Amino acid sequence: MSTETHPAQPPGRLAVGYLATPSGRDGVALAVAIARVTGAAIDLICVVHPVEYDGRPGLREYQERIENQAAQWLADGAAEIPDDIEKRTIVTLDDSFAQGLIDAAQRAGAEMIVVGGTGDGLFRRHSLGTVSTELLHSSPLPVALAPRGYAERPPARLDSVTVAVSVKPGRSNPLPFALTLATSSGLDVRLLSLVSLNSPFDDESSRDAREQQVAVAQKLLDETRSTVPDDLDVDVLVADGATLDEALDNLPWDDGDIVAVGSGHLGTINRVFLGSTAARILRWTTAPVIVVPRSTDP
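Below, the structure is looked at part by part. (Residues numbered from 1 in each chain as written. Predicted model: local features only at pLDDT ≥ 70, side-chain atom pairs only at ≥ 80, totals over all residues. Heavy atoms only, no water.)

### Focus on the nonpolar core
Counting 47 residues, the largest nonpolar core has Leu14, Ile42, Val161 and Val189 as its most contacted members. Looking at this core, the element that brings in the most residues is helix 1 (residues 22-38), giving eight residues. Leu14 has contacts with Ala31, Ile34, Ala35, Ala40, Ala41, Ile42, Asp43, Ala110, Met112 and Val114, leaving out every residue within four places of it along the chain. One finds Ala239, Leu244, Leu248 and Ile281 within the second-largest nonpolar core, a separate group that totals 36 residues. (Core = buried A, V, L, I, M, F, W, Y, C linked by side-chain atoms within 4.5 Å. Buried < 20%, exposed > 50% of the residue type's maximum accessible area, 1.4 Å probe, protein only. Helix = DSSP H or I, 4+ residues; strand = E, 2+ residues; numbered from the N terminus. Contact = heavy atoms within 4.5 Å.)

The following block contains the structure:
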C-alpha cells in the first residue's frame, strides 16, 4: 500500500500496535469499537527488535524465542477480539517499533493505525509515549489513540464523531475523513470550533472581542455545515473560554464519542503531524482521537 493513501478512505483494515500491556489492551478495545461500526478487520502487530547475528551460538535460538513470545502475546490479545470480527496476528522485525508498525500496516493494507497511550497518565485521559509520539509525527495513515483505561470502560458503541474545525485558514481539514467515517458507519457529526481570548482581563473590550471571535467561529461552522450531506445528523458547537484549555474543559464528552483532528500546518503532505491545538484536545478529552494526515485537499 502506498503512502499516498487518501485520508478520507474509510477503514477496511485496522492495524493495532500491540504489546502485552494495559496500553495494548486499550488499543485493542478501541479497534474493536471502530470495527463494530465500520465492519473493518483487525491486524494485531507486534514489532520485535532484531538481534544482530554475529556467529555466536544461541543467538538465532534467542531471536526465535523472542518472536515466539511475541506470537503468544498476540494470540492472547486476539482472544480479546470478538469472534465475529475478522482478525490476524503479525510479528515483524524492526529497530523502530513505530516504523515497523507503519511498514507492517501498509503491507497488510490497513487504512488506520490504532494504539493505546502510556500507563503513567491520568485515567480516561490521553498520555503519549515514545511510539505514539513518533507515529503522530510521521505516519502516512490516520492514527487512532485510545485514552488510558479505555479497555476498562463498559463497552460502548460509537455513535458520534466530533470534528475539530479550525478558524485559521490553511490548516489541515479533517472533515472529509470524518464525513466518510460518519456516512459509512452511521455516526452523527458534531462540528466543533474552539475560541479563546487569551486575555486575563474581563473588561468590556475583552468581552466584545470574545463575542466577535465567537461570531466568526459560528459563521465558519454554519458554512461548514452547509457542505455536509443532508442525511447526516449534524450539530455545531463553539467551545468558548478565556484559554483553549478552559474552552476544552467546558466540553461534554460521551462514551460513544470519537474525535477527528487535522494535522498541524508544519507537517508534510500525506503525513500525520500533531499540532498544538490537536495536542491540547488530546490532553483534555476523554474520547478516543483520530489524527488525520495532511492532504492536498483545501
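### Considering the side chain of Thr162
Relative to the helices and strands, Thr162 is located in strand 6 (residues 160-164). According to the relative accessible area criterion, Thr162 is buried, its value standing at 0%. Among the polar contacts listed, one links the side chain of Thr162 to the side chain of Arg190, at a separation of 3.1 Å. Not counting residues within four places of it along the chain, the set of residues in contact with Thr162 comprises Arg190, Leu192, Trp253, Ile258, Val259 and Ala260. (Polar contact = N/O pair within 3.5 Å; in protein donor to acceptor, adjacent residues only side chain to side chain.)

### Re the pairing of strand 10 (residues 289-292)
Side chains Val289 and Val291 project from strand 10 onto one buried face, and the interleaved Ile290 and Val292 project onto a second face that is buried too. Looking at chain direction, strand 5 (residues 143-146) and strand 10 are connected through three bridges and run antiparallel. In the sheet register, Val143 faces strand 10, and the bridge partner there is Val291. Both strand 9 (residues 257-262) and strand 10 contribute to a ladder of four bridges, which runs parallel. For Val259, the partnering residue across the bridge sits in strand 10 and is Val289. (Pairing = 2+ DSSP bridges.)

Purely geometric numbers; function is a separate question.
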